[in-house]
Amino acid sequence: MAMNSPSHSPTAIQDGFQWELATDQLPPYFPVACIMLVMIIYLFSSQNKSIRALPYINTTGLFSSNSARKAWFSSAGSLLAEASEKHPHKPWRVMTDLGERIVLTPELMEEIRNDPKLSFKEGLAEDFHGSIPGFDAMQFFLRSDILIDIVRKNLLRPNASIIKRLSDETDFVLSRHIGKTSDWTELNLSQLGADLVGRISARIFVGDELCRKDEWLQESQHFHHSWFMGAMKLHDWPRPLRYLAHWFMPECREMKKALSKQRQILSDYVTKRLDEKRAAISAGQEPPRYDDAFEWLEQETEVRGLTYDANIATGLQLMIALVSAHATTDLLQKGMMDLLQHPGATEQIREEVIGQLRTDGMTATSFYNMHLLDSALKESQRIRPSEMLLIRRRVMGNVKLSNGLFLKEGTRTWMDTAHMKDPAIYENPEQWDAKRFAKLRSQSGGASSAQLVSSTRNHVGFGYGKHVCTGRFFATTLLKVALSHLLANYEWKLGPGLEVSWVDFGNTRLLNPQATVLIRRKEKPEIDFSSIFTA
């Protein structure tokens with residue numbers, strides 16, 4: 001009987017066909033098949049049954065989510081509309097540019113608003129790579145409540161001094177862009193909004209001296225831009241590889257270079273101020289006092305027994321940009337665009353603003369009584385909030401919700417905001433109505449729920465619950481200062497041939513970056529802001 005050749009598999013004949021018989025030798029694809037099997041098992045075992053049972057929007061490939069991530073980045077609005085139509089009032093999950101998210105319904109709002117196991121800070125740290133060099137500048141403020149305390153103690157009710165400095169800086173910035181003549185100037189609306197908010201807020205956050213230094217402003221804007229771009233690009237990499245990948249990414253290298261420059265500028269500035277204080281004390285004189293975020297930070301670190309230096313000062317500026325500057329700029333740009341498209345409402349708001357400024361000056365009282373302006377801004381925020389899904393959270397411990405949904409530790413959630421356009425809550429919800437919240441404000445209980453700074457279940461533009469935006473009072477004041485100048489002393493209209501459009505940028509819907517506005521100073525300005533505070 002012949003022996004089988006070691007180089008050939010034995011064969012058998014069955015039903016006229018010749019088959020190879022199995023041997024101890026494994027096929028070459030066997031290891032790959034095993035790895036694929038393990039990955040499949042992992043993908044399914046890493047999620048619990050209640051999560052897997054949720055409808056999936058923007059589904060991924062079996063082994064790659066790249067196409068789904070790109071689809072979300074460019075078309076999130078249409079995907080959200082699809083989800084609202086197919087799964088109203090139900091939770092669902094979606095693949096985003098940041099990874100998979102569970103989108104909860106507003107019906108669960110009260111249940112999760114203050115749950116300590118659902119963390120906003122940890123979600124922010126994960127989304128913006130808080131443990132990776134360069135991005136870790138935010139870590140101190142994410143692990144501490146020091147920024148919240150600074151805002152609560154100094155900006156919860158902006159005083160007359162802060163309002164005056166905001167007004168002075170607004171006048172300075174608008175004069176730079178438009179001049180004192182009555183000639184029409186065409187400006188990019190996105191750039192105008194960003195420069196206004198950046199420079200005006202800098203007057204309070206970094207002080208009178210540094211806020212007008214072009215080097216600081218340019219480096220600050222460059223740093224924030226490269227920081228955001230680097231953060232977004234890193235999400236293209238699997239999480240375990242991001243730390244390694246960031247060393248080789250041009251965006252991250254540029255961000256760290258910009259961070260180094262910003263730290264150097266701030267180090268020189270902080271050292272100079274500290275030296276001035278020490279010199280005054282040595283001379284037996286009262287040390288100089290400032291009224292800006294650096295001073296407040298120095299005071300707060302002293303109370304807590306911490307060291308105040310350039311690193312912590314840089315982290316402060318980063319966190320301010322991350323949690324406030326973007327949203328404030330976004331609302332100013334969208335609010336201005338809505339006013340530009342509704343000239344009738346704008347005239348009524350202009351009359352209200354001028355009347356209040358003449359009656360009470362530029363004060364907290366006059367701002368409170370600008371009901372129409374407040375309502376218009378809140379309406380712009382309702383229709384197009386800074387993010388299409390809000391209330392970002394990371395689950396820090398297993399949570400079972402009342403609807404039976406089980407959230408494992410590490411799960412990431414957002415809240416659906418479709419209810420902010422629900423016809424059962426708002427009449428003609430797709431229509432921008434400048435008076436909507438002014439009318440609600442006149443109703444019983446409206447004074448506390450219909451203001452721009454009010455956070456309610458039906459309007460979560462500033463968040464909701466324990467993580468509601470602490471800086472919303474300052475942001476509202478800044479917006480009213482800027483728009484008071486623009487409405488009282490300037491005329492503005494849409495740029496020539498402009499078709500208003502919006503661009504999806506991940507979870508954010510932005511004004512078309514090419515949109516322009518024609519603006520000029522009135523020949524006879526209505527308000528003399530240089531003397532309004534002493535009148």
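Residues numbered from 1 in each chain as written. Predicted model: local features only at pLDDT ≥ 70, side-chain atom pairs only at ≥ 80, totals over all residues. Heavy atoms only, no water.

K.L.:
Looking at this structure, how should I read the overall build of the protein?
P.N.:
If you tally the helices and strands in the protein, you get 21 helices and 15 strands. Pairs at least 24 apart in sequence give 73% of the contacts found in the protein among residues at least 6 apart. Carbon and sulfur atoms form 54% of the exposed surface of the protein, whose accessible area is close to 25,900 Å². (Helix = DSSP H or I, 4+ residues; strand = E, 2+ residues; numbered from the N terminus. Contact = heavy atoms within 4.5 Å. Areas by Shrake-Rupley, 256 points an atom, 1.4 Å probe, with all protein chains shown as cover.)

K.L.:
Explain the sheet that holds strand β15 (residues 516-521) to me, please; I cannot follow it from the model alone.
P.N.:
Either a parallel or an antiparallel arrangement is found when strands of a sheet pair, and the pairing is made through backbone hydrogen bonds. Pairing is antiparallel in the open sheet, where three strands are placed in the order β7-β15-β12. What marks the edges here is a single partner per strand, and that holds for β7 (185-188) and β12 (490-494). Shown here is a sheet whose adjacent strand axes are inclined to one another by a mean of 30 degrees, direction ignored. Pairing geometry for β12 and β15, over five bridges, is antiparallel. Pairing of Leu494 across the sheet is with Val517, part of β15. Running at roughly 75 degrees to β7, helix α9 (residues 189-205) makes contact with β7 and β15 of the sheet. Sitting on the sheet, helix α21 (residues 472-489) touches β12 and β15, and the angle it makes with β12 is about 95 degrees. (Pairing = 2+ DSSP bridges. Axes fitted to C-alpha atoms, helices over the stretch in contact; angles between N-to-C directions.)

K.L.:
Got a minute to help me understand the nonpolar core in this structure?
P.N.:
What tends to happen in soluble globular proteins is that the nonpolar side chains get buried as a cluster. In terms of nonpolar packing, the biggest core is built from 103 residues, with Phe294, Ile349, Leu357, Leu483 and Trp492 touching the most fellow members. Top element by residues in this core is helix α15 (residues 310-341). It accounts for twelve residues. Beyond its immediate sequence surroundings of up to four residues, Leu483 is in contact with Leu332, Met336, Leu373, Leu377 and Trp492. (Core = buried A, V, L, I, M, F, W, Y, C linked by side-chain atoms within 4.5 Å. Buried < 20%, exposed > 50% of the residue type's maximum accessible area, 1.4 Å probe, protein only.)

K.L.:
What am I meant to see in the packing of helix α11 (residues 214-234) against helix α13 (residues 250-282) here?
P.N.:
Any two packed helices are characterised by the angle at which their axes cross and by the distance between the axes. Between α11 and α13, the least distance of the axes is 8 Å, while the angle of their chain directions is 150 degrees. Of the possible angle classes, the one that applies to α11 and α13 is roughly antiparallel. Crossing of α11 over α13 shows left-handed handedness. Among the residues making up the contact of α11 with α13, the classes are represented as eleven nonpolar, six polar and six charged. (Parallel < 35°, antiparallel > 145°, perpendicular 65-115°, else oblique. Left-handed = near helix turned anticlockwise from the far one by under 90°. Nonpolar A, V, L, I, M, F, W, Y, C, P; charged D, E, K, R; others polar.)

K.L.:
Explain a nonpolar patch on the surface here, please?
P.N.:
A cluster of nonpolar side chains, contributed by Tyr243, Leu244, Trp247 and Phe248, occupies part of the molecular surface with about 480 Å² of accessible area. Here Trp247 lies in the loop between α12 (242-246) and α13. Judged by its relative accessible area of 40%, Trp247 falls in the partly exposed class. (Patch = residues over 30% accessible without salt bridge, like charges linked within 9 Å, V, L, I, M, F, W, Y side chains within 5 Å. Salt bridge = Lys/Arg side-chain N within 4 Å of Asp/Glu carboxyl O.)

K.L.:
Just checking my understanding: could you explain helix α14 (residues 293-303) for this structure?
P.N.:
For the α-helix, the turn length of 3.6 residues means that residues three or four positions removed from each other point alike. Counted residue by residue, α14 has eight buried out of eleven residues, so it is predominantly covered. Along α14, the positions that sit buried rather than exposed are Ala293, Phe294, Glu295, Trp296, Leu297, Glu298, Glu300 and Thr301. The backbone nitrogen of Phe294 lies 3.2 Å from a side-chain oxygen of the residue at the head of α14, namely Asp292. Gly305 sits one or two residues past α14 and shows a positive phi near 70 degrees. (Polar contact = N/O pair within 3.5 Å; in protein donor to acceptor, adjacent residues only side chain to side chain.)

K.L.:
Could you clarify how one ought to interpret the sheet that holds strand β3 (residues 56-57) in this entry?
P.N.:
If you trace the six strands from one edge of the open sheet to the other, you get β3-β4-β5-β11-β8-β6, paired in mixed fashion. Looking at strand neighbours, the two that pair on one side only are β3 and β6 (118-119), the edges of this open sheet. Looking at chain direction, β3 and strand β4 (residues 92-96) are connected through two bridges and run parallel. Of the residues in β4, the one forming a bridge with Tyr56 is Arg93.

K.L.:
Just checking my understanding: could you explain empty space enclosed by the protein for this structure?
P.N.:
To find leftover empty space, a probe the size of one water molecule is rolled over the atoms. Scanning the entire structure with this criterion turns up one cavity of 30 Å³ or more. Each pocket or cavity is described by its volume, and for the largest cavity that value is around 50 Å³. Broken down by element, the lining of the largest cavity gets its largest block of residues, five residues, from α13. Residues belonging to the lining of the largest cavity are distributed by class as follows: five nonpolar, no polar and four charged. (1 Å grid on protein atoms, 1.4 Å probe; cavity = no way out; pocket = protein on both sides within 12 Å on 5 of 7 lines; lining within 4 Å. Points joined across faces, edges and corners; volume = space filled by probe spheres on them.)

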